[in-house]
Amino acid sequence: LLDERAIAALAERMRHYLGLARPRAALILGDRTSRALIAPQSPPAPGSLPEINHAGGRLASAALAAPELLMRRPMAKAASWQTLRLLHDAIGT
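What you see is a predicted model, and the numbers here were worked out from it, not measured in a lab. (Residues numbered from 1 in each chain as written. Predicted model: local features only at pLDDT ≥ 70, side-chain atom pairs only at ≥ 80, totals over all residues. Heavy atoms only, no water.)

1. Examining the environment of Arg73
1) Next: Relative to the elements of secondary structure, Arg73 occurs in the loop between α3 (67–72) and α4 (74–91).
2) Next: We classify Arg73 as partly exposed; its relative accessible area is 48%.
3) Next: For the pair Arg73 and Ala11, spaced 62 residues apart in sequence, the C-alpha separation works out to 27 Å. (Helix = DSSP H or I, 4+ residues; strand = E, 2+ residues; numbered from the N terminus. Buried < 20%, exposed > 50% of the residue type's maximum accessible area, 1.4 Å probe, protein only.)

What follows is the structure, encoded as structure tokens:
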């Protein structure tokens, strides 16, 4: 298990890599990972995705439950599916 300081350092490194790679969007798995990467801010408007602030700007992100939770809980699967649809619309494919 990682402590909060290690998680913050890893999240900062990931933001750096996102700035270098400049993807159109990010898919994040797991609650701790999403909390570490998505800056604390007001929740996104309904029908929109939270954003990750990084050196290259802001990046739409879809945060899903961890895979083991998705396997056990059908309602988590349904919410994740809706989030993936928002991500699909955000990247325009």
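2. Points about the nonpolar core
1) Next: Counting residues in hydrophobic clusters, the biggest one holds 10 residues: Ile7, Ala11, Leu18, Ala26, Ile28, Ala36, Leu37, Ile38, Ile52 and Leu59.
2) Next: Looking at this core, the elements with two or more residues in it are α1 (4–21), β1 (25–29) and α2 (31–37).
3) Next: Looking at this core, the element that brings in the most residues is α1, giving 3 residues.
4) Next: Those residues in contact with Leu59 that sit more than four places away from it in its chain are Leu18, Pro23, Arg24, Ala25, Ala26, Pro50, Glu51, Ile52 and His54. (Core = buried A, V, L, I, M, F, W, Y, C linked by side-chain atoms within 4.5 Å. Contact = heavy atoms within 4.5 Å.)

3. As for the pairing of strand β2 (residues 51–54)
1) Next: Covered by surrounding structure in β2 are Ile52 and His54 only, the residues Glu51 and Asn53 on the alternate face being uncovered.
2) Next: When β2 meets strand β3 (residues 57–64), the two strands line up antiparallel, connected through 4 bridges. Bridged to Glu51 within β3 is Ala60.
3) Next: Between the end of β2 and the start of β3, which pair antiparallel, lie 2 residues. (Pairing = 2+ DSSP bridges.)

4. Digging into the layout of surface pockets
1) Next: Considered as a void within the structure, the largest pocket measures approximately 170 Å³ in volume.
2) Next: Lining the largest pocket, in full, are Leu2, Ile7, Leu10, Ala11, Met14, Arg32, Thr33, Ala36 and Leu37.
3) Next: Partitioned by chemical class, the residues of the lining of the largest pocket number 7 nonpolar, 1 polar and 1 charged. (1 Å grid on protein atoms, 1.4 Å probe; cavity = no way out; pocket = protein on both sides within 12 Å on 5 of 7 lines; lining within 4 Å. Points joined across faces, edges and corners; volume = space filled by probe spheres on them. Nonpolar A, V, L, I, M, F, W, Y, C, P; charged D, E, K, R; others polar.)

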